[in-house]
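# Examination of the molecular architecture
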Amino acid sequence: MTRTTGSAGTPDRAGAATAPAGGDTAAGVGALLRGWRERRQLSQLQLALRADSSARHISFVETGRSRPSQEMVLRLAEHLDVPVRERNTLLLAAGYAPKYGETPLDDPAMESLRSGVERLLLAHDPYPAIVVDGTYRVLATNRSIAVLLAGVAPHLLEQPLNAMRITLHPEGLAPRIVNLRQWRRHLLEQMERQIALVRSEPLRALYDEVSAYPLPANPAMEDVSEDATELFPFALPMRVAHEGRVLSFLSTIATFNTPLDVTVSELAMETFLPADPETVAFLQGTVAAAG
């Protein structure tokens, strides 16, 4: 596994928030819970039924007339699918201590998790794979990622690396992506969905940055009329020009189930699977042989 250096072991705060000022904790947590309920497009009755409560009690909590217990805060957060980081924010707003720790990835306590991630990355060779945090900061890669990083401007490979910047910057991977318009639209829509589900100012700032990037002036092989879905109707691939050929990849993303740590909850492993026999042959014959 290739790890980034410096502070890469500690993910950016992908939705940092603090408890509301003042002593009215009930009103503070109520407003936050109401915001999450509305974000999830649930009525008070629907949330009450899911959380084994009553619409009246949910109303009292949201208006600050009733202070929820710690158990109730966590139960509502679970049914509202609130991110782990923001569950701590809800607890603080209700006057309780945070429940979930935030352990740096390079902490000794994370050794077993790091080892598992390393084995997964290694097993995915000769196909590219990366691990990112909640703001797409690259925390680890396998050696095959070099196929995608070929030709990327050096300043984009300085710490901290960011997968979205590397992919969409006109001096990054973008000039080599044959179906750039399709892939760019896919990535921006992915970020928009994330922003709609989580409160993350860093993620919003990253979206504003990368969505403003101009298209490369001289794309290597781009055919603006190409529709990759005509060639791959089952899933949209990323098609990358590399050494006179086009490599096609399908992207998959894996996360940890039921995380109990903020850092772990924001980790994601993105793996790039070859989408056609030509890509398989190249990666197995060239990348694998180089190792």
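This is a predicted model, so every value here is computed, not measured.

### Some points on the side chain of Arg-37
- If you trace the backbone, Arg-37 turns up in helix H1 (residues 25-39).
- When neighbours within four sequence positions are excluded, Arg-37 is seen to be in contact with Leu-42, Ser-43, Gln-44, Leu-47, Glu-62 and Leu-80.

### Brief notes about the pairing of strand E2 (residues 129-132)
- Along E2, one buried face is formed by Ala-129 and Val-131 and the opposite face, lined by Ile-130 and Val-132, is buried too.
- The pairing of E2 with strand E6 (residues 268-274) spans 4 bridges and is classified as antiparallel. Bridge pairing in E6 links Val-132 to Ala-268.

### Notes on the packing of helix H4 (residues 70-79) against helix H5 (residues 84-93)
- At a minimum axis separation of 10 Å, H4 and H5 run at an interaxial angle of 145°. Seen from above, H4 lies across H5 with right-handed handedness. Here Gln-70, Val-73, Leu-74, Ala-77 and Glu-78 of H4 come into contact with H5, specifically with Arg-87, Leu-90 and Leu-91.
- Its residues placed into classes, the contact of H4 with H5 shows 5 nonpolar, 1 polar and 2 charged.

### With respect to the side chain of Asp-261
- On the secondary structure map, Asp-261 appears in the loop between strand E5 (245-254) and helix H12 (262-265).
- In this structure Asp-261 is buried but unpaired, with Arg-85 as the nearest side chain of opposite charge at 8.2 Å.
- The residues touching Asp-261, leaving out its near neighbours within four places in the chain, are Val-84, Gly-101, Glu-102, Thr-103 and Met-110.

### Re the packing of aromatic side chains
- All told, the structure shown has 1 aromatic pair when counted by the stated rule.
- Judged by centre distance (6.4 Å) and plane angle (85°), the rings of Phe-249 and Phe-272 are edge-to-face. Highlighted residues: Phe-249 in strand E5 and Phe-272 in strand E6, separated in sequence by 23 residues.
- On the basis of relative accessible area, Phe-249 is assigned to the buried category, the value being 1%.
- The residue whose ring lies beneath Arg-39 is Trp-36, and the NZ or CZ to ring-centre distance is 5.2 Å.
- We note Arg-65 situated over the ring of Phe-60; from NZ or CZ to the ring centre the distance is 4.0 Å.

### Observations regarding the pattern of salt bridges
- For the coordinates displayed, the defined rule picks out 11 salt bridges.
- Of the charged contacts in the structure, one is a salt bridge between Asp-125 and Arg-143, with a shortest N-O distance of 3.6 Å. Of this pair, Asp-125 sits in the loop between helix H6 (111-124) and E2 while Arg-143 sits in the loop between strand E3 (138-141) and helix H7 (146-149), placing them 18 residues apart in sequence.
- Between Asp-133 and Arg-137 there is a salt bridge, and its shortest N-O distance comes to 3.4 Å.
- Looking at Asp-133, the relative accessible area reads 4%, which means it is buried.
- Members of the salt-bridge network, linked through shared partners, are Arg-85, Glu-102 and Glu-266.

### What about the nonpolar core?
- If you look at the biggest cluster of nonpolar residues, it comprises 38 residues, and the most contacted ones within it are Tyr-136, Leu-148, Met-164, Leu-168, Met-191, Val-210 and Met-238.
- Leaving out residues up to four positions away in the same chain, Leu-148 has contacts with Pro-128, Leu-173, Arg-176, Met-238, Val-240, Phe-249 and Phe-272.
- Ranked by size, the runner-up nonpolar core spans 24 residues in total, among them Ala-51, Met-72, Val-84 and Tyr-100.

### So, the environment of Leu-206
- As for its placement among the helices and strands, Leu-206 is situated in helix H10 (residues 201-211).
- With 70 residues separating them along the chain, Leu-206 and Tyr-136 place their C-alpha atoms 9.1 Å apart.
- Sequence-distant contacts of Leu-206, defined by excluding residues within four places in its chain, comprise Thr-135, Tyr-136, Asn-162, Met-164, Arg-165 and Met-191.

### Comments concerning helix H3 (residues 55-63)
- Three or more residues of H3 are buried, namely Ile-58, Phe-60, Val-61 and Glu-62.
- Immediately beyond the C-terminal end of H3, within one or two residues, lies Gly-64, with a positive phi of roughly 85°.

About the criteria used
Each chain has its residues counted from 1, following the order in which its sequence is written. The predicted nature of this model means local features are confined to residues of pLDDT at least 70 and side-chain atom pairs, given and counted, to a pLDDT of 80 or more, with totals for whole chains, interfaces and linings taken over all residues. Side-chain calculation: all heavy atoms of the structure are included, whereas hydrogens and water are not. In DSSP terms, a helix is any run of H or I states spanning at least four residues, a strand is any run of E spanning at least two, and both are numbered starting from the N terminus. By definition in these notes, contact holds between two residues if any of their heavy atoms fall within 4.5 Å. In this scheme, a residue with accessible area under 20% of its type's maximum is buried, one over 50% is exposed, and one in between is partly exposed, where area comes from a 1.4 Å probe on protein chains only. Think of it this way: DSSP has to see at least two bridges between two strands before they count as a pair. Lines fitted to C-alpha atoms define the axes here, with helix axes fitted over just the stretch in contact, and angles between the N-to-C directions of these axes take values from 0 to 180 degrees. Each helix crossing is assigned a hand: it is left-handed if the near helix lies turned anticlockwise from the far helix by less than a right angle, otherwise right-handed if that turn is clockwise. Just so you know the grouping, Ala, Val, Leu, Ile, Met, Phe, Trp, Tyr, Cys and Pro go in nonpolar, Asp, Glu, Lys and Arg go in charged, and all remaining residues, Gly too, go in polar. In summary, the charge assignment counts Lys and Arg as positive and Asp and Glu as negative, without counting His or the chain termini. Salt bridges are defined by distance alone: a side-chain nitrogen of Lys or Arg within 4 Å of a carboxyl oxygen of Asp or Glu. We call Phe, Tyr and Trp rings a pair once their centres come within 6.5 Å, taking the six-membered ring for Trp, and we label the pair stacked below 30 degrees between planes, edge-to-face above 60, and tilted otherwise. A ring is scored as having a charge over it whenever the NZ atom of a lysine or the CZ atom of an arginine sits within 6 Å of its centre and within 35 degrees of its normal. Residues belong to one nonpolar core when they are buried, are Ala, Val, Leu, Ile, Met, Phe, Trp, Tyr or Cys, and are joined through side-chain atoms within 4.5 Å.

Function-wise, these values are silent; they only describe arrangement.
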